[in-house]
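Observations on the model geometry
What follows is the residue order along each chain.
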Amino acid sequence: MSAVARTRAALLAWYRGHGRANLPWRTVRDPYYTLVSEFMLQQTQVDRVVPKFLAFIERFPTLAALAASSTAEVLRLWQGLGYNSRAIRLRAVAVEIVERFGGAMPRDADALRSLPGIGPYTVAAIRAFGFDEDDAPIDTNIRRIVHRLCFGIEYPALANAKAIDARARELAAPGEAHDWNSALMDLGATLCTARAPKCLLCPLHAACAAAPIDATLLDARRREHAKKPSPQNAIPFERTTRYARGRIVDRLRSLAPGERISLLDLHRDLQPLLPERPLEELERLVTVLERDGLVACDGAYIALRD
DNA sequence: AACGCGGGGTC
DNA sequence: GACCCAGCGTT
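Structure report, in brief. Everything quoted here is computed from the prediction, not taken from an experiment.

1. A few points about the environment of Ala 189
- If you trace the backbone, Ala 189 turns up in helix 12 (residues 177-190).
- It is 7.3 Å that separates the C-alpha atoms of Ala 189 and Asn 141, two residues lying 48 residues apart in sequence.
- Not counting chain neighbours up to four residues away, the residues in contact with Ala 189 comprise Arg 20 and Asn 141.

Structure below.
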């Protein structure tokens, strides 16, 4: 048995014993579930997605149900997840699939890639998790695992993304896309973590270029190669555009469906949360939210987009 | 290539 | 308090 074959067998065996097979998007094999979960999981941890996913699927059990919904309702269900544009795009995907593909989730990579909010990672994720097609959804977890396994600890980076992705594809177990990629994700979430990896419990320990990783050394190296903080990082979070946008959208979520609020009232209501934000600044933020498709304006009245 | 986009958990 | 997270679209 080759080294690669042993690695595959070891990880798949570990997955059968220690994988999170009970995640709600894994218990039922439905590409629509994969679509919803992958959108929610873009830059958001599993533990926080699980309850949101369950509520979302309960309200929109099928792609057709989602396509028939309103943007405002999807945005309300999205509360707490962040990156609200994902909600807009997810609903738009459902509408487009109904219009362009007769309501059936596409399996074809180019078709998937043509949909809003579906980039290279999500194309591969839908194909691998939703259809068990041999594809490689390579996320931050898998990059970290492959870097450690094939090159050593990731600070400093010893390989570029292209090289890492190539190794990830070589490693993938043919015909087992769903379980193989799930296994890698679970390993990255539970053992081969960014912070303090548990190499002693890892099924790939013997083959790994980085193991055993000393958490203290890893931490020191990370600090050494840390990027400089961006200017926005230097100011308090409450003063950032992100925070202000979040408070505006939250206020609009709290309106009854169909209800609108004037810019003046919005400004007044948000005073406690957004002090020293002049009316003109609030107006600018609302204009950008409208451009982003989250918000609809009618004269001086504002609501979530329908 | 760099930036904007949220929010919550972790150490 | 800094770091991290099943990325994508824009510039």
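2. Description of a negative patch on the surface
- Together, Asp 132, Asp 134, Glu 176 and Asp 179 make up a negatively charged patch on the protein surface.
- Owing to a relative accessible area of 34%, Asp 132 belongs among the partly exposed residues under this scheme.

3. Some remarks on the protein's contact with DNA strand C
- Within the structure, DNA strand C sits among 28 residues, and Gly 117, Thr 122, Asn 141, Arg 144 and Arg 222 are positioned closest to it.
- Here a base nitrogen of DNA strand C and a side-chain polar atom of Glu 38 are 3.0 Å apart.

4. Regarding the layout of surface pockets
- Space inside the largest pocket adds up to approximately 820 Å³.
- Along its surface, the largest pocket is lined by 30 residues, and Leu 41, Thr 44, Val 46, Asp 139 and Asn 141 are the ones closest to its centre.
- The set of elements that each furnish at least two residues to the lining of the largest pocket consists of helix 2 (24-27), helix 3 (31-41), helix 4 (46-59), helix 9 (120-131), helix 10 (140-150) and helix 12.
- Looking at the lining of the largest pocket, its residues break down into 10 nonpolar, 13 polar and seven charged.
- Looking at the second largest pocket, its volume works out to about 440 Å³.
- Together, 18 residues line the second largest pocket, and Gly 82, Tyr 83, Asn 84, Arg 242 and Gly 246 are the ones closest to its centre.

5. Topic: the protein's contact with DNA strand B
- Around DNA strand B, 15 residues are found, and the nearest of them are Thr 44, Gln 45, Tyr 83, Arg 242 and Arg 245.
- Considering DNA strand B, the proportion of its atoms within 4 Å of the protein that are sugar or phosphate atoms stands at 49%.
- Between DNA strand B and Thr 44, the relevant distance is 2.8 Å, taken from a base nitrogen to a side-chain nitrogen or oxygen of the residue.
- A distance of 2.8 Å is found between a sugar or linking oxygen of DNA strand B and a backbone nitrogen or oxygen belonging to Tyr 83.
- If you tally residues by element for the surface near DNA strand B, the top one is helix 15 (residues 241-253), at five residues.

6. A closer look at the pairing of strand 3 (residues 301-304)
- Where strand 1 (residues 261-262) lies against strand 3, two bridges are found, and the strand directions are antiparallel. Paired with Ile 261 across the bridge in strand 3 is Ile 302.
- The pairing of strand 2 (residues 295-298) with strand 3 spans four bridges and is antiparallel. Within strand 3, the position partnered with Asp 298 by the bridge is Tyr 301.
- What sits between the antiparallel neighbours strand 2 and strand 3 is a turn of two residues, in which Gly 299 has the positive phi angle 65°.

Cut-off values and rules
Residues numbered from 1 in each chain as written. Chains lettered and ligands numbered in written order. Predicted model: local features only at pLDDT ≥ 70, side-chain atom pairs only at ≥ 80, totals over all residues. Heavy atoms only, no water. Helix = DSSP H or I, 4+ residues; strand = E, 2+ residues; numbered from the N terminus. Contact = heavy atoms within 4.5 Å. Patch = residues over 30% accessible without salt bridge, like charges linked within 9 Å, V, L, I, M, F, W, Y side chains within 5 Å. Areas by Shrake-Rupley, 256 points an atom, 1.4 Å probe, with all protein chains shown as cover. Salt bridge = Lys/Arg side-chain N within 4 Å of Asp/Glu carboxyl O. Lys, Arg positive; Asp, Glu negative; His and termini not counted. Charge placed at Lys NZ, Arg CZ, Asp CG, Glu CD. Buried < 20%, exposed > 50% of the residue type's maximum accessible area, 1.4 Å probe, protein only. Near = heavy atom within 4 Å. Polar contact = N/O pair within 3.5 Å; in protein donor to acceptor, adjacent residues only side chain to side chain. 1 Å grid on protein atoms, 1.4 Å probe; cavity = no way out; pocket = protein on both sides within 12 Å on 5 of 7 lines; lining within 4 Å. Points joined across faces, edges and corners; volume = space filled by probe spheres on them. Nonpolar A, V, L, I, M, F, W, Y, C, P; charged D, E, K, R; others polar. Pairing = 2+ DSSP bridges.

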